[in-house]
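A look at the structure
Okay, here's what each chain looks like letter by letter:
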Amino acid sequence: MGEIMEIFKLVLGVAIFIVTFYYIISEKYPKSLVAIIGGSLMVVSGILNEEEALETIGYNLEVIFLLVGMMMIVEIMSDTGVFQWVAIKIAQAAKGDPTKILIFISIVTALFSAVLDNVTTILLVVPVTIFLARRLEVDPEPFVLLQIFMSNIGGTATMIGDPPNLIIASLGNIGFNDFIINLAPLIIINTVVLLGSASLYFKKKLTVSRELKMSIMELDLGRTIKDKKLLVQSLVLFSIVILGFLTNSVTNIGLAVIALFGSIVLIFVSKKKPEEIFAKIEWETLFFFGGLFVLVEGVENLGIIKVLGERIIAVTDGNLKLTSSLILVISTILSPIIGSIPHTLSFGKIIVEILPGYTGQTDVLWWALSLGACLGGNMTIVGAAANIVGSSVAKKVGIEISFKEFFKWGIIVVLQSTILSLIYINVRY
């Protein structure tokens, strides 16, 4: 009888997991609601008990509170107009040349994504990018697509740049600086290669008259900065927070504490109403994370992740380089299908399971997962949150990016990134 109950629980747990993922991918209902229902069903069905579910969320609170702190800082900074100022300043530094603007703004997008997060960056950069493209009377679509691709690429370089890296940091107990040291070199190479190929491809399509170039030079930069005092306050606090992240291995102050403290001090000195800032936090994302943590913990309780881990070790025969390459390729394929966040959480648990079976620089398994999940997300329009947000922002101003159109460019970008990533992890580690 006990064995029958275990089989029933296994089938039920797998069914809950598959159905939940289906509705997350299909986006028929809000993903936060679906994830919470899926996690709750794991508890209601007895696969997890309430204490285990709460412990899972508690273990991952640093990820959630880190996101909260950064969301509040960025929200206040965006009120100053600094991001629009930077975009227009770059366009004028490029003398209104569309190809140079495309390259320069892409580099800034990558940098913003690394220190903010890619979703926030897309929300800030895409509207300005579309404005500049239309001012130059060129097709805005290549501009928008490249900003989305670059946000995912740039976000891969740091722990806070892309949500999958936050999950990896939590599961693998990996520090802020470790991401920069191990991933940033490849991201720089990837950026150079992508921008080089994009500028060559789009060069003929981005030829405009001298008059249109001059229209960019005539834009009034002074009108973009809305609050100079708030700008100074924001930049000072933001710099202190980033410095805190970089030195946390010495100070031993948690990243979540640094981000929350910085955001609260900024709210206080800027005299913003806390309720206004709290209302603009992306609560849906946070609840999505919470539900997902519980859902995947339920799958782990069923023993499925342990079995998958054993299969990977068997296939690779304990070869670390082969395993890391396999994880990178699998992640690149699955991430754009099921979404980078759900994939990272599920596969991250598998890595935790198989790590004791390997010796050497085992951190390469985490870097392979990060590269596959973050860069692979560029393949489809639903592969990463930044893709969905970017296409949504474009649609609001009449630029329709279809699944097919996104995939046509995304598959090339991801293929390029995957080849570079495979070479990088096999040569370096």
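The preceding data block contains the structure.
These figures come from a predicted structure and were not determined experimentally.

For the protein chain, the count of helices and strands is 22 helices and zero strands. For 429 residues, the compact-globule formula gives about 22 Å, and the C-alpha radius of gyration of the protein chain, at 22 Å, lands near that figure. Over its C-alpha atoms, taken along the principal directions, the protein chain stretches across nearly 80 × 50 × 45 Å. When each of the 429 residues of the protein chain is scored for burial, the buried share is 55%. Look at the contacts in the protein chain between residues 6 or more apart in sequence, and 81% of them connect residues 24 or more apart. Carbon and sulfur atoms provide 67% of the accessible area of the protein chain, an area that totals close to 19,100 Å². In the protein chain, the 30 positive side-chain charges and the 33 negative ones have mean positions that sit 13 Å from each other.

This brings us to the nonpolar core. If you look at soluble globular proteins, the nonpolar side chains tend to sit buried side by side. Among the nonpolar cores identified, the biggest contains 137 residues, and Leu66, Met70 and Phe245 are the most heavily contacted of them. For this core, the element with the highest residue contribution is helix H4 (residues 61-78), accounting for twelve residues. Here phenylalanine 245 is in contact with Leu66, Met70, Ile160, Phe176, Asn177, Leu255, Ile258 and Ala259, once residues within four sequence places are set aside.

Here we take up the environment of asparagine 378. Here asparagine 378 is to be found in the loop between helix H20 (364-376) and helix H21 (385-396). When the C-alpha atoms of asparagine 378 and glutamate 400 are compared, they prove to be 17 Å apart, with 22 residues separating the residues in sequence. Not counting residues up to four positions away in its chain, the partners in contact with asparagine 378 are Ile148, Phe149, Asn152, Ile153, Asn387, Phe406, Gly410, Val413 and Val414. Separated by 3.3 Å, the side chain of asparagine 378 and the backbone oxygen of phenylalanine 149 make a polar contact.

Tallying each qualifying case throughout the model produces three salt bridges. Notably, a salt bridge pairs aspartate 79 with lysine 272, separated by 3.1 Å at the nearest N-O pair. Here aspartate 79 is found in the loop between H4 and helix H5 (82-93), whereas its partner lysine 272 is found in the loop between helix H14 (255-270) and helix H15 (274-279), with 193 residues between them in sequence. Classification of aspartate 79 by relative accessible area gives partly exposed; the value is 26%. What makes lysine 272 partly exposed here is its relative accessible area of 24%. A salt bridge links lysine 349 to glutamate 297; its shortest N-O distance comes to 2.9 Å. Here lysine 349 is found in helix H19 (residues 340-354), whereas its partner glutamate 297 is found in helix H16 (residues 283-301), with 52 residues between them in sequence. Under the relative-accessibility criterion, lysine 349 is labelled buried at 12%.

Moving on to the packing of aromatic side chains. The way to describe two aromatic rings as a pair is by their centre distance and the angle between their planes. Following the criterion strictly, the structure yields six aromatic pairs and no others. On the basis of an interplanar angle of 65° and a centroid distance of 5.4 Å, the ring pair of phenylalanine 149 and phenylalanine 406 is categorised as edge-to-face. With a gap of 257 residues between them, phenylalanine 149 in helix H8 (residues 140-155) and phenylalanine 406 in helix H22 (residues 403-428) connect regions that are remote in the sequence. Between the aromatic rings of phenylalanine 179 and tryptophan 367, the centroid separation amounts to 5.2 Å while the plane-to-plane angle is 80°, which identifies the pairing as edge-to-face. Remark: tryptophan 367 occurs in helix H20 and phenylalanine 179 occurs in helix H10 (residues 176-202); sequence separation between them is 188 residues. Side by side, phenylalanine 179 and tryptophan 367 carry an identical accessibility label, which is buried. Among the aromatic residues, those joined into a cluster by ring pairs are Tyr22, Tyr23 and Tyr29.

Right, let's talk about the side chain of glutamate 297 for a bit. Using a relative accessible area of 16% as the deciding quantity, one classes glutamate 297 as buried. Ignoring sequence-local partners within four residues, the contact set of glutamate 297 consists of Leu48, Thr56 and Lys349.

Compared with the 18 Å implied by 1.5 Å per residue over 13 residues, the 17 Å span of H20 between its first and last C-alpha is a close match. Burial within H20 is extensive, with 13 of its 13 residues counted as buried.

Topologically, threonine 99 is positioned in helix H6 (residues 98-115). We classify threonine 99 as buried; its relative accessible area is 14%. Each residue touching threonine 99, except ones within four places of it in the same chain, is listed here: Ser199, Lys203 and Leu206.

With that settled, consider the packing of helix H9 (residues 163-172) against H19. How two helices pack is summed up by the angle between their axes together with the distance between the axes. H19 packs onto H9 with a crossing angle of 20° between their chain directions and a minimal axis gap of 9 Å. The pairing of H9 with H19 is recorded here as roughly parallel in orientation. Helix-helix and strand crossings are classified by hand; for H9 and H19 the assignment is right-handed. The segment H9 lies against H19, with Pro163, Pro164, Ile167, Ile168 and Leu171 engaging Ser340, Ile341, Thr344, Leu345, Gly348, Lys349 and Val352. Residue classes in the contact of H9 with H19 are distributed as eight nonpolar, three polar and one charged.

The next subject is helix H11 (residues 210-217). Burial in H11 covers these residues: Leu212, Ser215 and Ile216. Along the axis of H11, the buried positions cluster into a sector of 100°, meaning they face one direction only. Opposite the packed face of H11, turned more than 90 degrees from it, sit the exposed residues Arg210 and Glu211. On its buried side, H11 packs onto H5 and helix H7 (118-135).

Calculation criteria
- Residues numbered from 1 in each chain as written.
- Predicted model: local features only at pLDDT ≥ 70, side-chain atom pairs only at ≥ 80, totals over all residues.
- Heavy atoms only, no water.
- Helix = DSSP H or I, 4+ residues; strand = E, 2+ residues; numbered from the N terminus.
- Rg over C-alpha atoms; globule rule 2.2 N^0.38 Å.
- Buried < 20%, exposed > 50% of the residue type's maximum accessible area, 1.4 Å probe, protein only.
- Contact = heavy atoms within 4.5 Å.
- Areas by Shrake-Rupley, 256 points an atom, 1.4 Å probe, with all protein chains shown as cover.
- Lys, Arg positive; Asp, Glu negative; His and termini not counted.
- Charge placed at Lys NZ, Arg CZ, Asp CG, Glu CD.
- Core = buried A, V, L, I, M, F, W, Y, C linked by side-chain atoms within 4.5 Å.
- Polar contact = N/O pair within 3.5 Å; in protein donor to acceptor, adjacent residues only side chain to side chain.
- Salt bridge = Lys/Arg side-chain N within 4 Å of Asp/Glu carboxyl O.
- Phe/Tyr/Trp six-rings, centres within 6.5 Å; stacked < 30°, edge-to-face > 60°.
- Expected span 1.5 Å × (residues − 1).
- Axes fitted to C-alpha atoms, helices over the stretch in contact; angles between N-to-C directions.
- Parallel < 35°, antiparallel > 145°, perpendicular 65-115°, else oblique.
- Left-handed = near helix turned anticlockwise from the far one by under 90°.
- Nonpolar A, V, L, I, M, F, W, Y, C, P; charged D, E, K, R; others polar.
- Arc of directions from axis to C-beta.

These values are about where atoms sit, not about what they do.
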